[in-house]
Amino acid sequence: MLLGFRGVRSLVLAVSSARLLQSDFACYGHPPRGLWTHASAVATAARELALRCGLDRDAAEHLFVAGLLHDLGKMVLAPHLSEAIQVTKPVRDCAEERALLGLDHTEAGALICAKWNLPIELQDLIKDHHELALSGGEVGRNAPVLRLADALAHEAKHGYLPGAAPSAVVDQRDLLRLGISLGSWHRMREELIASMAMAIPVLGSVAD
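Just so it is clear, the model here is predicted, and its values are computed rather than measured.

The rules behind each value
- Residues numbered from 1 in each chain as written.
- Predicted model: local features only at pLDDT ≥ 70, side-chain atom pairs only at ≥ 80, totals over all residues.
- Heavy atoms only, no water.
- Axes fitted to C-alpha atoms, helices over the stretch in contact; angles between N-to-C directions.
- Helix = DSSP H or I, 4+ residues; strand = E, 2+ residues; numbered from the N terminus.
- Parallel < 35°, antiparallel > 145°, perpendicular 65-115°, else oblique.
- Left-handed = near helix turned anticlockwise from the far one by under 90°.
- Contact = heavy atoms within 4.5 Å.
- Nonpolar A, V, L, I, M, F, W, Y, C, P; charged D, E, K, R; others polar.
- Buried < 20%, exposed > 50% of the residue type's maximum accessible area, 1.4 Å probe, protein only.
- 1 Å grid on protein atoms, 1.4 Å probe; cavity = no way out; pocket = protein on both sides within 12 Å on 5 of 7 lines; lining within 4 Å.
- Points joined across faces, edges and corners; volume = space filled by probe spheres on them.

Caption draft 1: Structural context of the packing of helix α3 (residues 57-69) against helix α8 (residues 142-156). It is at 10 Å that the axes of α3 and α8 come closest, and there the two elements cross at 45°. In terms of their interaxial angle, α3 and α8 are classed as oblique. Taken as a pair, α3 and α8 cross one another with a handedness that is right-handed. Residues Ala59, His62, Leu63, Ala66 and Gly67 of α3 touch α8, and the partners they reach there are Asn142, Val145 and Leu146. Classifying every residue of the contact of α3 with α8 by side-chain character gives 5 nonpolar, 3 polar and no charged.

As structure tokens, then:
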């Protein structure tokens, strides 16, 4: 009763995804449990950033779930990548994945979500969490939130071995869609990075 439906849903998905994201992901530069640490950081930043941008609590909780699951496709691709590359040279971006396997982890993650009958909105968020959607029409605010949260987690290097974190790319078009100025972003990012650092040990206990 205290948590409410949104809180229970997020907690159940956190426990479930924690179990999935603890395999060997060294081919991506993650130490043991590193992918779960990264997912925890992105989920935390996405939920907080959503609320700061005026999105409602349902949207913020949806983005928390998307943050937990955004790299789910790595679970499928990692065994094949480990055979295709040397672990000492981790895969850093989607282009490398496509060159080696013909698809990337965003596509694989969206396919897994479709197989599990998860909402189409979640599938789209996972598919678009690295690149701006190429389709026409008005772009929503959820995807920019998730992309910015992912970039912050990369900048803070949460869940990566030394020197293995991908580059932190912030697309100013995402800031524009969320109505965030560069000055506001520089102030906000410090607070979001601090929130991630506090949340990781708490969410890490979920995986125990």
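So that's the structure; there's more coming.
Caption draft 2: Looking closely at the environment of Ala66. On the secondary structure map, Ala66 appears in helix α3. Ala66 sits in the buried class, given a relative accessible area of 0%.

Caption draft 3: Broad picture of the side chain of Lys74. In this fold, Lys74 is placed in helix α4 (residues 73-84). Residues within four places of Lys74 in sequence aside, it is in contact with Phe25, Tyr28, His30, Leu35, His105 and Tyr160.

Caption draft 4: Inspection of the layout of surface pockets at higher detail. As a volume, the largest pocket reaches approximately 490 Å³. If you trace the largest pocket, you find 27 residues lining it, with His130, Asp150, His154, Ser167 and Val169 closest to the centre. Elements supplying a minimum of two residues to the lining of the largest pocket: α5 (94-101) and α8. Among the elements that make up the lining of the largest pocket, the one with the highest residue count is α8 (5 residues).

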